[in-house]
Amino acid sequence: MIAIKTTKLSKSYGSNLALDGLELSVESGETFGFLGPNGAGKSTLLKLLTGVTQPTTGTVQTSGRVASLLELGAGFHPEFTGRENIFLNCSILGMSEEEIEERFESIVAFSELGDFIDRPVKTYSSGMYVRLGFSVASSVDPDILLIDEALAVGDRNFREKSAQRLDEHRANAGTVLLVSHNLAEIRRSCSRVIWLEDGLIVQDGPTDEVLEAYEAS
């Protein structure tokens, strides 16, 4: 079974705790949403799960290949071309050179970057960054896919195409953790939601139930 388990996560910034005494288990195949105001601890939680940062206390456990889209352009070398960044990021995510070459054309096609794939990513617009980042992250067959607001930057057509890709990922028993302020996106994509405020869980449960309480607040 593929699972993410976090126990009593705590990350200290000065005298403030971004997450305090949080206990969470996510089973394989769940599509899990996180919502809450800015500063609630949502992005910090995803960074802990990817290993970008480490908790000051507590433990983080993940099972399976993890791919993430956390921040615009995160993981891209600005001087490298889109092509070079595909090979770099896929390698970091554990793919062999043969696997990358086999999937390269489909990654480029999904990103819709065309000839821009051979230009430095520092010349890309925010939407182009997102298209390339999501194409890479979703094309490496991750067991766990983490997304933090990044898809909000894409245009409508790409968001719809990305939603279809997430549906395919879930159909193959992949786990998705999604952070978004877009309640419609959370409602459409997630079967379970956690509402965070000040690093604490306010409510954890079925999507409609949590969203109703959140909107009422």
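So, here is what we can say about the structure in this document. All of these numbers come straight from a predicted model, not from anything done at the bench.

**Side note on the pairing of strand 7 (residues 66–69)**
Working step 1: Where burial is concerned, the two faces of strand 7 differ: the one with Ala67 and Leu69 is buried and the one with Val66 and Ser68 is not.
Working step 2: Bridge count between strand 7 and strand 8 (residues 144–148): four bridges; the pairing is parallel. Opposite Ser68, over in strand 8, you have Leu146 as the bridge partner.

**With respect to the sheet that holds strand 10 (residues 192–197)**
Working step 1: Read from one edge of the open sheet, six strands run 7-8-9-5-10-11, paired in mixed fashion. Two strands close off the open sheet at either side, each with one partner strand: strand 7 and strand 11 (200–206). Each adjacent strand pair in this sheet contributes to an overall mean axis angle of 15 degrees, direction not counted.
Working step 2: With six bridges connecting them, strand 10 and strand 11 associate as antiparallel partners. Following the sheet pairing, Leu196 is matched in strand 11 by Ile201.
Working step 3: Running at roughly 170 degrees to strand 7, helix 4 (residues 126–139) makes contact with strand 7 and strand 8 of the sheet.
Working step 4: Its contacts with the sheet place helix 5 (residues 156–171) against strand 5 (31–35), strand 8 and strand 9 (175–179), and it is angled at close to 140 degrees to strand 9.

**Observations regarding the layout of surface pockets**
Working step 1: Each pocket or cavity is described by its volume, and for the second largest pocket that value is around 260 Å³.
Working step 2: The element best represented in the lining of the second largest pocket is helix 5, accounting for three residues.
Working step 3: Split into classes, the residues belonging to the lining of the second largest pocket amount to three nonpolar, six polar and five charged.

**Section: the environment of Gly82**
Working step 1: Among the secondary structure elements, Gly82 is positioned in helix 2 (residues 82–92).
Working step 2: On the accessibility criterion, Gly82 (0% relative accessible area) is buried.
Working step 3: Spatially, the C-alpha atoms of Gly82 and Tyr124 are 9.2 Å apart, while their sequence positions differ by 42 residues.
Working step 4: If we ignore the near neighbours within four places in the chain, the residues touching Gly82 are Ile117, Arg119, Val121, Tyr124 and Leu132.

**So, the packing of helix 2 against helix 3 (residues 97–111)**
Between two packed helices, what matters for the description is the angle formed by their axes and the separation of those axes.
Working step 1: The geometry of helix 2 relative to helix 3 is characterised by a closest axis approach of 10 Å and an angle of 130 degrees between their N-to-C directions. As far as their axial angle goes, helix 3 and helix 2 are oblique. By crossing handedness, the relation of helix 2 to helix 3 is classed as right-handed. Between helix 2, through Arg83, Ile86, Phe87, Cys90 and Ser91, and helix 3, the contact on the second element is made entirely by Glu97, Ile100, Glu101, Phe104, Ile107 and Val108.
Working step 2: Grouping the constituent residues of the contact of helix 2 with helix 3 by class yields seven nonpolar, one polar and three charged.

Scoring rules and cut-offs
- Residues numbered from 1 in each chain as written.
- Predicted model: local features only at pLDDT ≥ 70, side-chain atom pairs only at ≥ 80, totals over all residues.
- Heavy atoms only, no water.
- Buried < 20%, exposed > 50% of the residue type's maximum accessible area, 1.4 Å probe, protein only.
- Helix = DSSP H or I, 4+ residues; strand = E, 2+ residues; numbered from the N terminus.
- Pairing = 2+ DSSP bridges.
- Axes fitted to C-alpha atoms, helices over the stretch in contact; angles between N-to-C directions.
- Contact = heavy atoms within 4.5 Å.
- 1 Å grid on protein atoms, 1.4 Å probe; cavity = no way out; pocket = protein on both sides within 12 Å on 5 of 7 lines; lining within 4 Å.
- Points joined across faces, edges and corners; volume = space filled by probe spheres on them.
- Nonpolar A, V, L, I, M, F, W, Y, C, P; charged D, E, K, R; others polar.
- Parallel < 35°, antiparallel > 145°, perpendicular 65-115°, else oblique.
- Left-handed = near helix turned anticlockwise from the far one by under 90°.

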